[in-house]
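Here is what each chain is made of, one letter per residue.
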Amino acid sequence: MKAILCKTWGLPDTLVVEELPDVVPGPGQVAIDVQAAGVNFPDVLIIQNKYQFKPELPFTPGSELAGVIRAVGDGVTNVKVGDKVLAFVSQGAFAQQIAVPAQLVMPMPPGLDFDTAAAVTLTYGTSHHAVVDRAQLKAGETMLVLGAAGGVGLAAIEIGKALGARVIAAASTDEKLAVCKDHGADATINYSTQDLREAIKAATDGKGPDVIYDPVGGIYAEPAFRSIGWRGRYLVVGFANGEIPKLPLNLSLLKGASIVGVFWGEFARREPKANLAAMRELMTWMAEGKIRPHISGRYALADTAQALNDMAARKVTGKVVIQPQR
């Protein structure tokens with residue numbers, strides 16, 4: 001089987017495709033033929049040794065996948081050969097096969113295709129944890145989403161709308177904002193052409209948003225936080241801009257506002273039952289048509305570096321997936 005290998009820390013073009021032995025599941029594991037693997041911004045950072053998760057070299061990147069079980073190890077009773085499943089793993093998804101602990105796999109909902117299944121776990125898991133758990137967004141409240149056309153951003157928009165909130169999407173181009181509108185955004189802000197603070201003020205009648213979802217960081221963090229409403233919740237989701245902002249803490253005092261950290265991977269590890277409940281709610285919403293992952297690109301395994309380069313260059317809207325069997 002073929003797999004992507006990161007043998008040295010560096011940019012995506014340093015990745016290589018190699019032929020490896022077929023995987024054999026150990027006790028409590030399942031082997032999966034990977035049909036689709038979701039690409040996420042952390043993948044770009046992990047291969048450069050710039051992320052909090054630091055695997056040992058060499059390794060195969062990729063953390064979410066959908067596929068078909070090809071073999072089961074001793075003691076596995078929850079799934080069987082031929083089952084269609086999805087999984088979130090620490091590494092190894094950018095490959096034709098992978099072996100994972102059986103407790104990490106979930107049955108794919110009926111009618112769901114592999115590409116969509118591979119695009120759900122991290123982005124929607126992150127945004128559900130952020131919006132529902134950490135921010136406790138309520139119907140009738142207003143949420144501002146920065147970097148709204150990315151995978152977690154679009155997921156946040158849809159989750160906000162599923163909860164009955166008003167959602168304002170902010171992104172860098174009108175084309176990206178059109179995608180946001182298509183996924184339910186009530187209002188939009190182009191922060192490349194508009195003054196962010198003035199646009200937020202206009203969009204909220206001067207009250208400011210109740211929740212700000214920020215996966216971007218950088219130069220937009222402070223003006224957004226200065227615009228937050230009373231008792232607002234500012235969600236620190238990530239730093240796609242590359243710059244970790246330094247917020248004046250007096251702003252939190254003046255607005256009675258909270259700065260709330262969001263680390264879905266650690267939440268899933270520490271609180272697996274709560275995470276499973278969240279995933280079940282997401283699958284219910286998907287079946288009801290309330291959420292629908294936007295997949296803007298599909299790449300063969302050999303084109304994994306290009307997929308990561310497009311992600312790094314912020315050319316991606318929603319999600320892109322690797323199709324390892326191509």
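In case you missed it, the structure is sitting above this.
First, a word on scope: everything that follows refers to the structure included in this document. (Residues numbered from 1 in each chain as written. Predicted model: local features only at pLDDT ≥ 70, side-chain atom pairs only at ≥ 80, totals over all residues. Heavy atoms only, no water.)

1. Focus: the side chain of His-183
Structurally, His-183 can be placed in the loop between α5 (174–182) and β10 (187–190). Under the relative-accessibility criterion, His-183 is labelled buried at 6%. (Helix = DSSP H or I, 4+ residues; strand = E, 2+ residues; numbered from the N terminus. Buried < 20%, exposed > 50% of the residue type's maximum accessible area, 1.4 Å probe, protein only.)

2. What to know about the sheet that holds β10
Within a sheet, adjacent strands bond to each other through the backbone by hydrogen bonds, running parallel or antiparallel. Reading across the sheet, the 6 strands line up as β10-β9-β8-β11-β12-β13 and stay open at both edges, with parallel pairing between neighbours. Each edge of the open sheet carries a strand with a single partner, namely β10 and β13 (258–261). Across the sheet, the mean angle from the axis of one strand to that of its neighbour is 20 degrees, orientation sign disregarded. Relative to β10, strand β9 (residues 166–171) runs parallel, the two sharing 4 bridges. Each residue of the ladder has a partner; that of Ala-171, found in β10, is Asn-190. (Pairing = 2+ DSSP bridges. Axes fitted to C-alpha atoms, helices over the stretch in contact; angles between N-to-C directions.)

3. Some thoughts on the side chain of Ser-63
When you line up the elements, Ser-63 lands in the loop between α1 (41–46) and β4 (64–72). Of the residues examined, Ser-63 reaches a relative accessible area of 8% and is grouped as buried. In contact with Ser-63, other than residues within four places in its own chain, are Asn-40, Asp-43, Ala-87, Phe-88, Val-89, Ala-93 and Leu-122. (Contact = heavy atoms within 4.5 Å.)

4. What to know about the pairing of strand β3 (residues 29–39)
Taking burial as the measure, the 11 residues of β3 include 8 buried ones, the bulk of the element. Here 5 bridges tie β3 to strand β6 (residues 97–101), and the two strands are oriented antiparallel to one another. Bridge pairing in β6 places Gln-29 opposite Pro-101. Bridge count between β3 and strand β15 (residues 319–323): 3 bridges; the pairing is antiparallel. Residue Val-39 lies in a different strand from β15, and its bridge partner there is Val-320.

5. A look at helix α6 (residues 196–203)
Three or more residues of α6 are buried, namely Leu-196, Ala-199, Ile-200 and Ala-203. On an axial view of α6, the arc spanned by its buried residues comes to 100 degrees, and they lie on one face. More than 90 degrees from the buried face of α6, the exposed residues found are Glu-198, Lys-201 and Ala-202. Looking at the buried side of α6, the elements it contacts are β8 (142–145), β9, β10 and α7 (221–226). (Arc of directions from axis to C-beta.)

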